[in-house]
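In case you want the letters, here they are:
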Amino acid sequence: MNRYLLLILLLILTSCNLNRNTNNSSDLEFTNAPGEYLLKNNSKEIEIPFEMYAGNKPMITGTINGKRVKLLIDNGKLFDEIWFYNGEVDSIALFFESQDADSLIGIGENSASQIFEGNQINVDFKQILFKNQPTLISPSAAGYADFFPGINGQVSSMLFKHFIVKFDFENNMLKLIEPKTFKKSKNQNAVKMHKRENGSYCLPFELHTKTGSVHKVLLDIDIGTVFPLYLISNHTNNIPIPSNVERKFLGVGASGDLYGYNDTLIELRFGDYVLKNYPTMIVKAATNADTSIVESGTFGIELMKQFNVTFDYFNEVLYFEPNSNNAKQINR
């Protein structure tokens, strides 16, 4: 297992504060969507090809200050800033705005690391230009650039607060759809999101364990989670720790090393879907640096890529459309 490619990017950033219009309509907008965008043609649906970095993280390529950049896509906390991994970068005109550091904290057994506010930048993806995007910069010493060789950083709200975002995992194509033009297809199964007090979004799942117990939990939506399923056993959900299984190193979180237990669920249920014999990793709540970050666990890319998924944060809905990756696993 390569520990560097299992970095889990679940973050609380002190500068991220989600404000929503409370009107119950399809015209719901984020009042704090970062910067603005400029469409370069009249298309209502923008397409950006993506690659799967290390096989498990969506990566898009654009230009900043005329220089090619590679950016991972993450949405654990729907943070507004583009996060750069490796200090100031003259070639893309990226600079620290202040020497006052904030704290970056996530799952893991260690403490937070420093992160700094950067200057605003523009990012060009041929069909669309995102302008005046806020940034956060980790110092080189934090080591994030070493976790992801060749990657400049990661984006979140730049996409999700301006557009309804579809991931076509069969064709590796990202589709950005203006909210007013989006129409649900008959093959899309809508699952309502739940928003937690700390700003993260969750989906309801039902876990059927090998011990015969059933647990209804809300799991955080996080594309950055590379595990098939990441569960946190606590006094509220009482997810059982598997017996006769050795505690082992799982990977690295934003707050350090992760240790837990491999297990398999008899069934994983959500929406109209049932996934049988589904693998999971289970950790004890006490081993997380801050248990307020994630309550019961997360699901991410390993589950999502069995579908084409569409994120509608405006109406707090996630759409699942089965694709050719899941024919043997899912019953409706």
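Residues numbered from 1 in each chain as written. Predicted model: local features only at pLDDT ≥ 70, side-chain atom pairs only at ≥ 80, totals over all residues. Heavy atoms only, no water.

Peer 1: Explanation requested: the overall build of the chain in the structure shown.
Peer 2: From N to C terminus, the chain includes three helices and 26 strands. Expressed as a percentage of its 332 residues, the buried residues of the chain come to 56%. Counted over contacts in the chain with a minimum sequence separation of 6, partners at least 24 positions apart contribute 69%. (Helix = DSSP H or I, 4+ residues; strand = E, 2+ residues; numbered from the N terminus. Buried < 20%, exposed > 50% of the residue type's maximum accessible area, 1.4 Å probe, protein only. Contact = heavy atoms within 4.5 Å.)

Peer 1: Help me understand the sheet that holds strand β13 (residues 164-168) in this model?
Peer 2: In any sheet, the strands associate via hydrogen bonds between backbone groups, in a parallel or an antiparallel arrangement. Ordered in space as β4-β14-β13-β24-β25-β15, the six strands form an open sheet in which the pairing is antiparallel. Looking along the sheet, the strands with just one partner apiece sit at the ends: β4 (45-49) and β15 (189-192). Averaged over all pairs of adjacent strands, the angle between their axes in this sheet comes to 20°, without regard to strand direction. Here three bridges tie β13 to strand β24 (residues 307-312), and the two strands are oriented antiparallel to one another. In the strand pairing of β24, Val 165 is matched with Phe 311. (Pairing = 2+ DSSP bridges. Axes fitted to C-alpha atoms, helices over the stretch in contact; angles between N-to-C directions.)

Peer 1: I keep staring at the pattern of salt bridges and nothing clicks. Help me out?
Peer 2: If charged atoms from side chains of opposite charge come close, those side chains can pair. Under the definition given, this model contains nine salt bridges. Two residues, Lys 166 and Glu 321, come together in a salt bridge whose shortest N-O distance is 3.6 Å. One end of the pair, Lys 166, is in strand β13; the other, Glu 321, is in strand β25 (residues 317-322), with 155 residues separating them in the sequence. Each of the two residues, Lys 166 as well as Glu 321, counts as buried. Salt-bridge contacts for Lys 305 lead to Glu 302; the nearest nitrogen and oxygen are separated by 3.1 Å. Overall, Glu 302 belongs to the partly exposed group, its relative accessible area being 22%. Where salt bridges share partners, they join Arg 196, Asp 220 and Glu 295 into one cluster. (Salt bridge = Lys/Arg side-chain N within 4 Å of Asp/Glu carboxyl O.)

Peer 1: Can you walk me through the pairing of strand β17 (residues 201-208) in this structure?
Peer 2: A regular strand carries its side chains on alternate faces of the sheet. For β17, a buried count of seven out of eight residues is recorded, marking the element as mostly surrounded by other parts of the structure. Of the pairings in the sheet, the one linking strand β16 (residues 194-195) to β17 comprises two bridges and is antiparallel in character. Residue pairing in the sheet places Lys 195 in a bridge with Tyr 201 of β17. Between the antiparallel neighbours β16 and β17 lie five residues, among them Gly 199 with a positive phi of about 100°. Here β17 runs beside strand β18 (residues 214-221); their pairing, made up of seven bridges, is antiparallel. Within the sheet, the bridge partner assigned to Leu 203 lies in β18 and is Leu 219. Between β17 and β18, which pair antiparallel in sequence order, lie five residues; one of them, Gly 212, sits at a positive phi of approximately 95°.

Peer 1: Just to check I follow, could you spell out the packing of aromatic side chains for this structure?
Peer 2: Two numbers describe a pair of aromatic rings. These are the distance of the centres and the angle of the planes. Tallied over the full model, the rule gives 32 aromatic pairs. The interplanar angle of 65° and the centroid separation of 5.8 Å between the aromatic rings of Tyr 144 and Phe 147 together place this pair among those described as edge-to-face. A residue pair is termed a helical-turn pair when its members lie 3 or 4 positions apart in one helix, as Tyr 144 and Phe 147 do in helix α1 (residues 144-147) at three residues. The pair formed by Tyr 144 and Phe 147 is uniform in burial state, with each residue classed as buried. Centroid distance Phe 160 to Tyr 313: 5.6 Å. Interplanar angle 80°. Geometry classified as edge-to-face. One end of the pair, Phe 160, is in helix α2 (residues 157-160); the other, Tyr 313, is in the loop between β24 and β25, with 153 residues separating them in the sequence. Take Phe 160 and Tyr 313: they sit in the same class, and that class is buried. Aromatic ring contacts, followed pair by pair, group Phe 50, Phe 160, Phe 167, Phe 169, Tyr 201, Phe 311 and Tyr 313 into a single cluster. (Phe/Tyr/Trp six-rings, centres within 6.5 Å; stacked < 30°, edge-to-face > 60°.)

Peer 1: Which parts of the structure should I look at to understand unusual backbone geometry?
Peer 2: The bulk of non-glycine residues show a negative phi, and the bulk of peptide bonds are trans. Non-glycine residue Ala 93 carries a positive phi angle of around 55°. Turning to its location among the elements, Ala 93 is positioned in the loop between β8 (82-84) and β9 (102-105). At Asn 244, a position not held by glycine, the phi torsion is positive, near 60°. Structurally, Asn 244 can be placed in the loop between β19 (230-233) and β20 (248-253).

Peer 1: What is the right way to look at the confidence of the model for the chain in this model?
Peer 2: Residues shown with low pLDDT carry predicted positions that ought not to be read at fine detail. The predicted model of the chain averages 85 in pLDDT, with 82% of residues at 70 or higher. Within the model, the stretch residues 105-110 combines pLDDT values under 50 with 41 contacts to residues more than four positions away or in other chains. (pLDDT = per-residue confidence, 0-100.)

Peer 1: In this structure, what is going on with the environment of Glu 81? I would like to understand it.
Peer 2: Tracing the backbone through its elements, the reader meets Glu 81 in the loop between β7 (67-73) and β8. In this structure the C-alpha to C-alpha distance between Glu 81 and Met 158, which are 77 residues apart in sequence, comes to 7.6 Å.

Peer 1: Explain the nonpolar core to me, please; I cannot follow it from the model alone.
Peer 2: Generally speaking, nonpolar side chains in soluble globular proteins are found buried as a group. Counting 66 residues, the largest nonpolar core has Leu 159, Phe 167, Phe 299, Phe 311 and Phe 320 as the members making the most contacts within it. Other than its neighbours up to four places away in sequence, Phe 167 contacts Phe 50, Pro 58, Ile 73, Phe 160, Met 173, Leu 174, Ile 223, Asn 308, Val 309 and Phe 311. Among the nonpolar cores identified, the runner-up in size contains 13 residues, and Tyr 53, Ile 115, Tyr 144 and Ala 145 belong to it. (Core = buried A, V, L, I, M, F, W, Y, C linked by side-chain atoms within 4.5 Å.)

Peer 1: Looking at this structure, how should I read the environment of Gly 150?
Peer 2: Among the structural elements, Gly 150 can be located in the loop between α1 and β12 (153-155). A relative accessible area of 60% means that Gly 150 is categorised as exposed. As a C-alpha pair, Gly 150 and Val 69 span 81 residues in sequence and 8.9 Å in three-dimensional space.

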